[in-house]
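Architecture at a glance
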Amino acid sequence: MLTKTDLKQIKSIVDESVETKLEQKLEQKLEQKFKPIHKKLDKMQKQLDTTISYFDTVTTKHTKQITRIEVNLNLPPLPDFV
(Lines give C-alpha, C1' and ligand atoms only; values in the text may rest on other atoms or scores of the structure.)
Protein backbone atom coordinates (compact mmCIF):
# COMPACT_ATOMS: atom_id res chain seq x y z
CA MET A 1 0.00 0.00 0.00
CA LEU A 2 1.16 3.52 -0.76
CA THR A 3 1.98 5.92 2.01
CA LYS A 4 1.03 9.57 2.17
CA THR A 5 4.50 10.68 1.12
CA ASP A 6 4.40 8.32 -1.86
CA LEU A 7 1.07 9.78 -2.90
CA LYS A 8 2.37 13.33 -2.50
CA GLN A 9 5.38 12.55 -4.66
CA ILE A 10 3.21 10.99 -7.33
CA LYS A 11 0.88 13.97 -7.21
CA SER A 12 3.73 16.45 -7.59
CA ILE A 13 5.17 14.53 -10.57
CA VAL A 14 1.77 14.34 -12.27
CA ASP A 15 1.11 18.03 -11.59
CA GLU A 16 4.45 19.03 -13.12
CA SER A 17 3.82 16.88 -16.16
CA VAL A 18 0.31 18.23 -16.70
CA GLU A 19 1.48 21.80 -16.19
CA THR A 20 4.28 21.39 -18.72
CA LYS A 21 1.92 19.91 -21.32
CA LEU A 22 -0.62 22.68 -20.76
CA GLU A 23 2.04 25.35 -21.18
CA GLN A 24 3.22 23.79 -24.43
CA LYS A 25 -0.31 23.59 -25.82
CA LEU A 26 -1.00 27.16 -24.80
CA GLU A 27 2.16 28.39 -26.51
CA GLN A 28 1.24 26.54 -29.70
CA LYS A 29 -2.26 27.99 -29.73
CA LEU A 30 -0.96 31.47 -29.09
CA GLU A 31 1.55 31.15 -31.93
CA GLN A 32 -1.24 30.05 -34.26
CA LYS A 33 -3.44 32.95 -33.23
CA PHE A 34 -0.69 35.57 -33.53
CA LYS A 35 0.84 34.34 -36.78
CA PRO A 36 -1.58 36.27 -39.06
CA ILE A 37 -1.17 39.35 -36.89
CA HIS A 38 2.61 39.16 -37.22
CA LYS A 39 2.29 38.85 -41.00
CA LYS A 40 0.07 41.91 -41.17
CA LEU A 41 2.40 43.88 -38.95
CA ASP A 42 5.39 42.93 -41.10
CA LYS A 43 3.52 44.02 -44.22
CA MET A 44 2.57 47.33 -42.59
CA GLN A 45 6.15 47.89 -41.51
CA LYS A 46 7.41 47.35 -45.07
CA GLN A 47 4.82 49.77 -46.41
CA LEU A 48 5.74 52.32 -43.79
CA ASP A 49 9.44 51.95 -44.60
CA THR A 50 8.69 52.46 -48.28
CA THR A 51 6.58 55.53 -47.56
CA ILE A 52 9.21 57.04 -45.29
CA SER A 53 11.92 56.39 -47.84
CA TYR A 54 9.90 58.05 -50.58
CA PHE A 55 9.13 61.17 -48.56
CA ASP A 56 12.69 61.37 -47.35
CA THR A 57 13.89 61.35 -50.95
CA VAL A 58 11.31 63.94 -51.99
CA THR A 59 12.18 66.19 -49.07
CA THR A 60 15.89 65.96 -49.79
CA LYS A 61 15.26 66.77 -53.43
CA HIS A 62 13.14 69.79 -52.49
CA THR A 63 15.74 70.98 -50.03
CA LYS A 64 18.39 70.90 -52.74
CA GLN A 65 16.10 72.75 -55.14
CA ILE A 66 15.27 75.41 -52.57
CA THR A 67 18.92 75.91 -51.75
CA ARG A 68 19.73 76.29 -55.43
CA ILE A 69 16.92 78.83 -55.89
CA GLU A 70 18.12 80.80 -52.87
CA VAL A 71 21.63 80.92 -54.23
CA ASN A 72 20.51 81.96 -57.72
CA LEU A 73 18.21 84.69 -56.43
CA ASN A 74 20.58 85.83 -53.68
CA LEU A 75 17.99 85.17 -51.00
CA PRO A 76 18.87 84.57 -47.37
CA PRO A 77 18.49 80.90 -46.40
CA LEU A 78 15.30 79.89 -44.67
CA PRO A 79 15.68 79.00 -40.99
CA ASP A 80 15.60 75.33 -40.18
CA PHE A 81 12.49 74.28 -38.31
CA VAL A 82 13.34 71.42 -36.05
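This text follows the structure it describes.
Before going into details, it helps to say that this report is about the structure given with it. (Residues numbered from 1 in each chain as written. Predicted model: local features only at pLDDT ≥ 70, side-chain atom pairs only at ≥ 80, totals over all residues. Heavy atoms only, no water.)

**Here's the deal with the overall build of the protein**
Here is the rule: Counting from the N terminus, the helices are DSSP H or I runs at least four residues long and the strands are E runs at least two residues long. With C-alpha atoms as the basis for the radius of gyration, the globule rule is written as 2.2 Å multiplied by the number of residues raised to the power 0.38. With a 1.4 Å probe rolled over the protein chains alone, any residue whose accessible area is under 20% of its type maximum counts as buried; one over 50% counts as exposed, and the rest are partly exposed. Accessibility throughout is a Shrake-Rupley quantity obtained with a 1.4 Å probe, and a residue counts as covered only by protein chains that appear here. Only four residue types enter the tally: Lys and Arg on the positive side, Asp and Glu on the negative side; His and the chain ends are excluded. We put the charge of a Lys on NZ, of an Arg on CZ, of an Asp on CG and of a Glu on CD.
Along the protein, the regular secondary structure elements total one helix and zero strands. Whereas a compact globule of 82 residues would reach a radius of gyration of roughly 12 Å, the protein reaches 32 Å, over 25% beyond that. Relative to its 82 residues, the protein shows a buried fraction of 1%. Of the roughly 8,500 Å² that the protein leaves accessible, carbon and sulfur atoms contribute 62%. Of the charged side chains in the protein, 15 are positive and 12 negative; the average position of the first set lies 8 Å away from that of the second.

**Observations concerning the environment of Leu 41**
Along the chain, Leu 41 falls in helix H1 (residues 4-73). With relative accessibility at 47%, the residue Leu 41 sits in the partly exposed group. Sequence spacing of Leu 41 and Gln 65 is 24 residues, and the spatial spacing of their C-alpha atoms is 36 Å.

**Remarks on the packing of aromatic side chains**
To be explicit about the condition: Each Phe, Tyr or Trp ring (for Trp, its six-membered ring) is paired with any other whose centre lies within 6.5 Å, and the angle between the two planes then decides the class: stacked below 30 degrees, edge-to-face above 60, tilted in between.
Under the defined criterion, the tally for this structure stands at one aromatic pair. Plain terms: the ring middles of Tyr 54 and Phe 55 are 5.1 Å apart, the flat faces sit at 75° to each other, and that makes the pair edge-to-face.

**Re the pattern of salt bridges**
For the record, the criterion: One side-chain nitrogen of Lys or Arg within 4 Å of one carboxyl oxygen of Asp or Glu is enough to make a salt bridge.
Tallying each qualifying case throughout the model produces one salt bridge. Here Asp 15 makes a salt bridge to Lys 11, at a shortest N to O gap of 3.1 Å. Placement of the pair is Asp 15 and Lys 11 together in helix H1, with a separation of four residues, close to one helical turn. A relative accessible area of 39% places Asp 15 in the partly exposed class.

**Focus on a nonpolar patch on the surface**
Applicable threshold: For patch building, the residue pool is restricted to those with more than 30% relative accessible area and no salt bridge; the joining distance is 9 Å between like charges and 5 Å between nonpolar side chains (Val, Leu, Ile, Met, Phe, Trp, Tyr).
Together, Leu 2, Leu 7, Ile 10, Val 14, Val 18 and Leu 22 give the surface a local cluster of nonpolar side chains, amounting to about 540 Å² of exposed area. Tracing the backbone shows Val 18 in helix H1. Residue classification places Val 18 among the partly exposed positions, given a relative accessible area of 42%.

**Quick word on H1**
Heads up, the condition is: Helix span, expected: 1.5 Å multiplied by one less than the number of residues in the helix.
Taking 1.5 Å of rise per residue, 70 residues should cover 104 Å, and H1 covers 97 Å from first to last C-alpha, within 8% of that figure. Looking one or two residues beyond H1, the residue adopting positive phi is Asn 74, at roughly 55°.

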